[in-house]
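# Survey of secondary and tertiary structure
Chain by chain, the residues:
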Amino acid sequence: MLTRLFSVSRPVLWINTIGPGVVGMWLTGTLWDSGAIALLIWLTLPFNLLIYGINDIFDRDTDQLNERKGGYGGARIVEGDVRLIWWGVVITNLPFLAWFATQYSAETLAWIAAYVLVFAFYSMPPLRFKARPYLDALSNAAYALPLAIVPLALGRGPVWLVVIAVMAWSIAKHTYDAIQDIAEDSAAGIRTTAVALGARGALAWAATWWLVASVCLGLVNVSIGIANAGYAAVLVWMLWREPSAARARWLYRFSVAYPYVVGSIAGSQLTLAIFFGWYAP
């Protein structure tokens, strides 16, 4: 059961939650703060099981037709898995949320609540953001919220320009990754931003948001802005040349690597700056 829940949580994508959490801690000016331990643990299996477990439950019929499901791109579940996943989501998340409620300020709890609700209703009816053009992408801005949650939990102010940059980045990446699923989503009657705009329109949408992210990051650190813009430009150009589902699926591995590559550049700079005393929040 644990192996199944681990698989459903898509561990290769944990970087999208734990990464902003760690960077949020670093942006307070310290490499490590024990006050962030509970939040950082929550941002691994528990919260990712909430995101992807709920997603898999409500998409299990269409996922049977999706070639990339069943691997690192997402689990392919059956009816018998539904009860296990629901219990897994509750048991792994509820203790953390109860503890947070006793420890953090009302402002921090409001951001945590927004984080949970946006991702729950990304897949759950009646809101089901994933089936609403533009809202599906815009709701993914919530991936940036640990950059605000962790500093606030530690009694510090977030670096809002970085929060905005990662929001824009997340909007772009969601639509870029959804291009590979246009045929399956259309057949299932799910009208995503990628379905509404078509492959090249979705690429233009993603490129615009990645440009916004690059400008915001560049205002904080020029080299990170350039690195982000360069990686995004390559992804967009490679798919623009051949905007097919097969090409998008082949490029998905490089999209998954995106936060690891650019995040490593940003993280190494920030880590060195804090270690040598060059950074003051």
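Just so it is clear, the model here is predicted, and its values are computed rather than measured.

### Re the side chain of D59
Relative to the helices and strands, D59 resides in the loop between α4 (45–58) and α5 (60–63). D59 sits in the buried class, given a relative accessible area of 3%. Excluding residues that lie within four positions of it along the chain, D59 makes contacts with R128 and K130.

### Remarks on the packing of helix α7 (residues 106–123) against helix α9 (residues 146–153)
In contact at an axis separation of 9 Å, α7 and α9 are set at 155° when each is read in the N-to-C sense. In terms of axis orientation, α7 runs roughly antiparallel to α9. Crossing of α7 over α9 shows left-handed handedness. In this structure, α7 contributes E107, T108, W111, I112 and Y115 to the contact, and α9 contributes P146, I149, L152 and A153. Per-class residue counts for the contact of α7 with α9 are seven nonpolar, one polar and one charged.

### Considerations on a nonpolar patch on the surface
Taken together, the side chains of L31, W32, I37, I41, L272, F275, F276 and W278 define a hydrophobic patch exposed on the protein surface, amounting to about 890 Å² of accessible area. Listed by contribution, the elements that provide at least two residues to the nonpolar patch are α3 (37–42) and α14 (245–275). The residue W32 is located in the loop between α2 (15–26) and α3 in this model.

### Comments concerning the packing of aromatic side chains
Counted under the stated rule, the structure contains 23 aromatic pairs. Aromatic pair F58 and W86: ring centres 6.3 Å apart, planes at 85°, arrangement edge-to-face. Note that F58 is positioned in helix α4 and W86 in helix α6 (residues 82–103), a separation of 28 residues in sequence. Judged by its relative accessible area of 33%, F58 falls in the partly exposed class. Judged by its relative accessible area of 31%, W86 falls in the partly exposed class. Taken together, a centroid distance of 5.2 Å and an interplanar angle of 80° make the contact between W169 and Y258 edge-to-face. Highlighted residues: W169 in helix α10 (residues 160–178) and Y258 in helix α14, separated in sequence by 89 residues. Y258 carries the same exposure label as W169, and that label is buried. The structure contains a cluster of three or more aromatic residues connected by ring pairs, namely W42, F47, F96, W99, F100, Y104, Y115, F119 and Y143. Directly above the ring of W240 sits R200, whose terminal nitrogen or CZ lies 5.0 Å from the centroid.

### Structural notes on the environment of N55
If you trace the backbone, N55 turns up in helix α4. By relative accessible area, which is 7% here, N55 ends up buried. C-alpha separation for the pair N55 and K130, spaced 75 residues apart in sequence, amounts to 9.3 Å. Residues in contact with N55, not counting those within four places in the same chain, are R10, Y122, S123 and K130. Of the polar contacts made by the side chain of N55, one reaches the side chain of R10; its length is 3.4 Å.

Criteria and cut-off values
Residues numbered from 1 in each chain as written. Predicted model: local features only at pLDDT ≥ 70, side-chain atom pairs only at ≥ 80, totals over all residues. Heavy atoms only, no water. Helix = DSSP H or I, 4+ residues; strand = E, 2+ residues; numbered from the N terminus. Buried < 20%, exposed > 50% of the residue type's maximum accessible area, 1.4 Å probe, protein only. Contact = heavy atoms within 4.5 Å. Axes fitted to C-alpha atoms, helices over the stretch in contact; angles between N-to-C directions. Parallel < 35°, antiparallel > 145°, perpendicular 65-115°, else oblique. Left-handed = near helix turned anticlockwise from the far one by under 90°. Nonpolar A, V, L, I, M, F, W, Y, C, P; charged D, E, K, R; others polar. Patch = residues over 30% accessible without salt bridge, like charges linked within 9 Å, V, L, I, M, F, W, Y side chains within 5 Å. Areas by Shrake-Rupley, 256 points an atom, 1.4 Å probe, with all protein chains shown as cover. Salt bridge = Lys/Arg side-chain N within 4 Å of Asp/Glu carboxyl O. Phe/Tyr/Trp six-rings, centres within 6.5 Å; stacked < 30°, edge-to-face > 60°. Lys NZ or Arg CZ within 6 Å of the ring centre and 35° of its normal. Polar contact = N/O pair within 3.5 Å; in protein donor to acceptor, adjacent residues only side chain to side chain.

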